[in-house]
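The chain contents come next:
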Amino acid sequence: MTDTAFYYEDTICAPATPAGGAISVIRISGKRAVEIANSLFKQKVGKSLAQRAAGTVAFGDILDEEGETLDEVLVTLFRAPHSYTGEDSVEISCHGSAYIVSRLLQSLIAKGCRMARPGEFTQRAFLNGKMDLSRAEAVADLIASTSAATHRIALKQMRGQFSKELAELREKLLHLTTLLELELDFSDHEDLEFADRTQLQDITDEIHKKLSRLASSFRLGNAIKNGIPVAIVGDTNAGKSTLLNTLLGEEKAIVSDVHGTTRDAIEDTVNIGGTLFRFIDTAGIRQSDDKVEQIGINRTFKKLEEAEIVLWVIDSTDWQKSLRLKDEILPLCAGKSLLLLFNKSDLADQHASPAMLSAFSDIAAEHLLITAQDAASCAPVVAYLEKTAAQTATATQNDIIITNERHYAAIHSALSALDRVSAGLRDGLPGDLVSQDLRATLFHLAEITGGAITSDEVLHSVFKGFCIGK
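Remember, it's a predicted structure, so these values are computed and weren't measured experimentally.

Analysis parameters
- Residues numbered from 1 in each chain as written.
- Predicted model: local features only at pLDDT ≥ 70, side-chain atom pairs only at ≥ 80, totals over all residues.
- Heavy atoms only, no water.
- Helix = DSSP H or I, 4+ residues; strand = E, 2+ residues; numbered from the N terminus.
- Expected span 1.5 Å × (residues − 1).
- Buried < 20%, exposed > 50% of the residue type's maximum accessible area, 1.4 Å probe, protein only.
- Pairing = 2+ DSSP bridges.
- Contact = heavy atoms within 4.5 Å.
- Axes fitted to C-alpha atoms, helices over the stretch in contact; angles between N-to-C directions.
- Polar contact = N/O pair within 3.5 Å; in protein donor to acceptor, adjacent residues only side chain to side chain.

Before going further, it helps to spend a moment on helix α13 (residues 379-398). Between its terminal C-alpha atoms α13 stretches 29 Å, which fits the 28 Å expected from 20 residues at 1.5 Å a residue. When α13 is considered as a whole, its buried residues turn out to be Val381, Tyr384, Leu385, Thr388, Ala389, Thr392, Ala393, Ala395 and Thr396.

To continue, consider the sheet that holds strand β2 (residues 23-29). The strand order β3-β4-β5-β6-β2-β1-β7 describes an open sheet built from seven strands, whose pairing is mixed. Edge strands, defined here as strands with exactly one partner in the open sheet, are β3 (41-43) and β7 (114-115). Here three bridges tie β3 to strand β4 (residues 57-63), and the two strands are oriented antiparallel to one another. Each bridged residue has a counterpart across the sheet, and for Gln43 the counterpart in β4 is Gly60. Contacting β2, β3, β4, β5 (69-78) and β6 (89-95), helix α2 (residues 33-40) runs over the sheet at an angle of about 70° to β3.

What follows is about helix α14 (residues 405-427). Compared with an ideal rise of 1.5 Å per residue, which puts 23 residues at 33 Å, α14 spans 33 Å between its outermost C-alpha atoms and is within 8% of the ideal. All of the buried residues in α14 are His407, Ala410, Ile411, Ala414, Leu415, Ala417, Leu418, Val421, Ser422, Gly424 and Leu425. The residue sitting at the N-terminus of α14 and contributing the capping side-chain oxygen is Asn404; that oxygen lies 2.7 Å from the backbone nitrogen of Arg406. Phi turns positive, to about 70°, at Gly428, one or two residues after α14.

Another aspect to go through is the side chain of Ser422. Its place among the elements puts Ser422 in helix α14. Not counting the four nearest positions on each side in its chain, Ser422 is found in contact with Gln201, Thr204 and Asp205.

Following this line, the structure appears as structure tokens:
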């Protein structure tokens, strides 16, 4: 047994609720969880914890290690394997006093517990077979969710929908491996008929298509998790910072008549329609000899490349100068949602408006006349984003979306191995060589659920981002 194995024999404890609330829950898990809790708990009536049935709640006093009463508490009892961790577990609900929580933890440690590491309760759940690794990671995502979309994705993954999809793909890969290995085992029997290479290629193509769809979903998933990036671009003094402030409902960016005020990207997020959007106010694009301003302009183009949605703000009172930006902005907007916002429409010559709109009519994007400082005038922009949020909600409800970089890397590696399988089948390589790449595909998919992970270091890197009590 390794040192790590001994480490998981420990009984651990930690607060399962954040500090500052009226009630705190202290979670205990491990072989001695019931014994240690029982040594500090004096029930008002009924049996001791050691004699109680699983799934029951007891009321009584919790004592410190010297036998003095700390608080009146409720104690919930869980017996292995029917607990979150798969071990004997106890949850003590006490009052949220920082003093009570601290003294209770000290008493538990004095009786033989140790403080849990970040994510250790969930890590034990994984090690005890209560959930696979992808579902364990979804727990952290669920806790960290900041919008309806991220909550929906994490909940689906925690409930095993992603794991089910991977299991189905694994079955297909195993079937393909079986066909190839049967071919190898009985290749000298001329009277036996095996699946031809065309049939094997069809199965490979089907698996490849499903894995490619999962890999492609990562771009959307990553955007949803961190906020769908919306770049606000345009000339200097076009009203980009004013628009940002209006959309955020606060004075986030400096607004000035001086050109080149914004010299670096300013970012903030807002929840619209249950989806998080990350707005990026960029430096105005113009020719400048100012080195600092030019750095900001270069960053504008980088942020433009990263954006999913682009709001191109054009000064309606001086729109002709924005025409020169077409060749710089439009190539970077390919495959993105683009919205042209003609700002300062309240100040512009209304007779010049048709000419302005005509000059930009060749751009396949929605055109809106706005006054950036007026929230009512910007309502159509918000409506546009709400429509995007609704489409995102539909995608998260109907599809499996990848949001985890580790999962994406594993799927990408699996696709590379499967490409080699496909090439081997086309080129008529021997079955034993093709089987090696099939096994590599299976290995990379197993990395997602944890079936191929044996390194404690890898597991630590997965769980270190969890909160202490989870």
